[in-house]
Amino acid sequence: MNILKRENWWIWLLLTLFSGGSSTLVLGAILGVFDKNAWYAKWYYWVIGLVLFIFPFYIMLVVFNIEILCKTCAKLNVPGKEYYLSPYLWVLALIIPVIGWLAMIASLVYLQVYTLVALYQGHGETYIK
């Protein structure tokens, strides 16, 4: 049983609901979106973030999760990749109070839900080896 098949989308739904969104990291690993030369692959960034109290480490973890979610959605052909792959829009949404934060939450929910929709539509089957 390959987990990227169209009929197994409900497994991803259960993983998303019960894992708190960390199933995106597993899906990203299966799709191969991790980059060996990216900032998150360097262990000393994580150590420095952890040494400087928990707050920078938590921010790095959130940014890492958002980046992997966006790369996974781009790999699954989720509509709007020219918008959610732009780091400028994420920073702008973070800077603008209330309206930007609501837009950021709405876009994160959109990406989480539409990842499941893309798996339901069979976009993941192209990556089955």
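Here is what the cut-offs are and how they apply
- Residues numbered from 1 in each chain as written.
- Predicted model: local features only at pLDDT ≥ 70, side-chain atom pairs only at ≥ 80, totals over all residues.
- Heavy atoms only, no water.
- pLDDT = per-residue confidence, 0-100.
- Helix = DSSP H or I, 4+ residues; strand = E, 2+ residues; numbered from the N terminus.
- Axes fitted to C-alpha atoms, helices over the stretch in contact; angles between N-to-C directions.
- Parallel < 35°, antiparallel > 145°, perpendicular 65-115°, else oblique.
- Left-handed = near helix turned anticlockwise from the far one by under 90°.
- Contact = heavy atoms within 4.5 Å.
- Nonpolar A, V, L, I, M, F, W, Y, C, P; charged D, E, K, R; others polar.
- Phe/Tyr/Trp six-rings, centres within 6.5 Å; stacked < 30°, edge-to-face > 60°.
- Buried < 20%, exposed > 50% of the residue type's maximum accessible area, 1.4 Å probe, protein only.
- Lys NZ or Arg CZ within 6 Å of the ring centre and 35° of its normal.
- Core = buried A, V, L, I, M, F, W, Y, C linked by side-chain atoms within 4.5 Å.
- Disulfide = S-S within 2.5 Å.
- Salt bridge = Lys/Arg side-chain N within 4 Å of Asp/Glu carboxyl O.

**Re the confidence of the model for the protein chain**
Keep in mind that low pLDDT regions are not for reading the predicted coordinates in detail.
Move 1: When pLDDT is averaged across the protein chain, the result is 90; 99% of the residues are at 70 or more.
Move 2: Here helix H3 (residues 43-51) stands out as the element of the protein chain with the lowest mean pLDDT, 89, in contrast to helix H7 (residues 99-121), whose mean of 93 is the highest.

**Let's talk about the packing of helix H4 (residues 54-75) against H7**
Any two packed helices are characterised by the angle at which their axes cross and by the distance between the axes.
Move 1: It is at 10 Å that the axes of H4 and H7 come closest, and there the two elements cross at 45 degrees. Considering their axes alone, H4 and H7 lie oblique with respect to each other. Helix-helix and strand crossings are classified by hand; for H4 and H7 the assignment is left-handed. Of the residues in H7, those touching H4 at Ile66, Leu69, Cys70 and Cys73 are Met104, Leu108, Leu111, Gln112 and Thr115.
Move 2: Considering only residue class, the contact of H4 with H7 consists of seven nonpolar, two polar and no charged.

**A word on the packing of aromatic side chains**
Move 1: This model, assessed by the stated rule, comprises eleven aromatic pairs.
Move 2: Residues tryptophan 43 and tyrosine 44 carry aromatic rings whose centres are separated by 5.9 Å and whose planes lie at 80 degrees to one another, so their mutual orientation is edge-to-face.
Move 3: Using a relative accessible area of 62% as the deciding quantity, one classes tryptophan 43 as exposed.
Move 4: Here the aromatic residues Phe34, Trp39, Tyr40, Trp46, Phe57 and Phe64 are joined through ring pairs into a cluster of three or more.
Move 5: For the cation-ring pair, arginine 6 lies above tyrosine 120, with the distance from its terminal atom to the ring centre recorded as 5.7 Å.

**Remarks on the nonpolar core**
Move 1: One finds Leu27, Tyr84, Trp90 and Leu111 to be the most contacted residues of the largest nonpolar core, which totals 26 residues.
Move 2: For this core, the secondary structure elements donating two or more residues are helix H2 (23-31), H4, helix H6 (87-95) and H7.
Move 3: Those residues within four positions of leucine 111 in sequence are excluded, and the remaining contacts are Leu69, Cys70, Cys73, Val78, Tyr84 and Trp90.

**Here's the deal with unusual backbone geometry**
Move 1: Despite not being glycine, asparagine 77 has its phi angle at roughly 60 degrees, a positive value.
Move 2: Summarising the element assignment, asparagine 77 is placed in the loop between H4 and helix H5 (81-84).

**Focus: the side chain of serine 23**
Move 1: Looking at the secondary structure, you find serine 23 in helix H2.
Move 2: Those residues in contact with serine 23, other than ones at most four positions away along the chain, are Trp12, Leu15 and Thr16.

**Thoughts on the state of the cysteines**
Move 1: Inspection of the entire model under this criterion finds zero disulfides.
Move 2: The thiol of cysteine 70 is unpaired, and the distance to the nearest cysteine sulfur, on cysteine 73, comes to 6.6 Å.
Move 3: Using a relative accessible area of 5% as the deciding quantity, one classes cysteine 70 as buried.

**Here we look at the environment of serine 86**
Move 1: Examined against the element boundaries, serine 86 turns out to sit in the loop between H5 and H6.
Move 2: A C-alpha to C-alpha distance of 30 Å links serine 86 and tryptophan 10, two positions 76 residues apart in sequence.

**Observations regarding the pattern of salt bridges**
Move 1: Under the defined criterion, the tally for this structure stands at one salt bridge.
Move 2: Between lysine 71 and glutamate 67 there is a salt bridge whose closest N-O contact spans 3.3 Å. Remark: glutamate 67 and lysine 71 occur in helix H4; sequence separation between them is four residues, near one turn of the helix.
Move 3: We classify lysine 71 as partly exposed; its relative accessible area is 24%.
Move 4: Exposure remark for glutamate 67: the relative accessible area of 22% places this residue in the partly exposed category.

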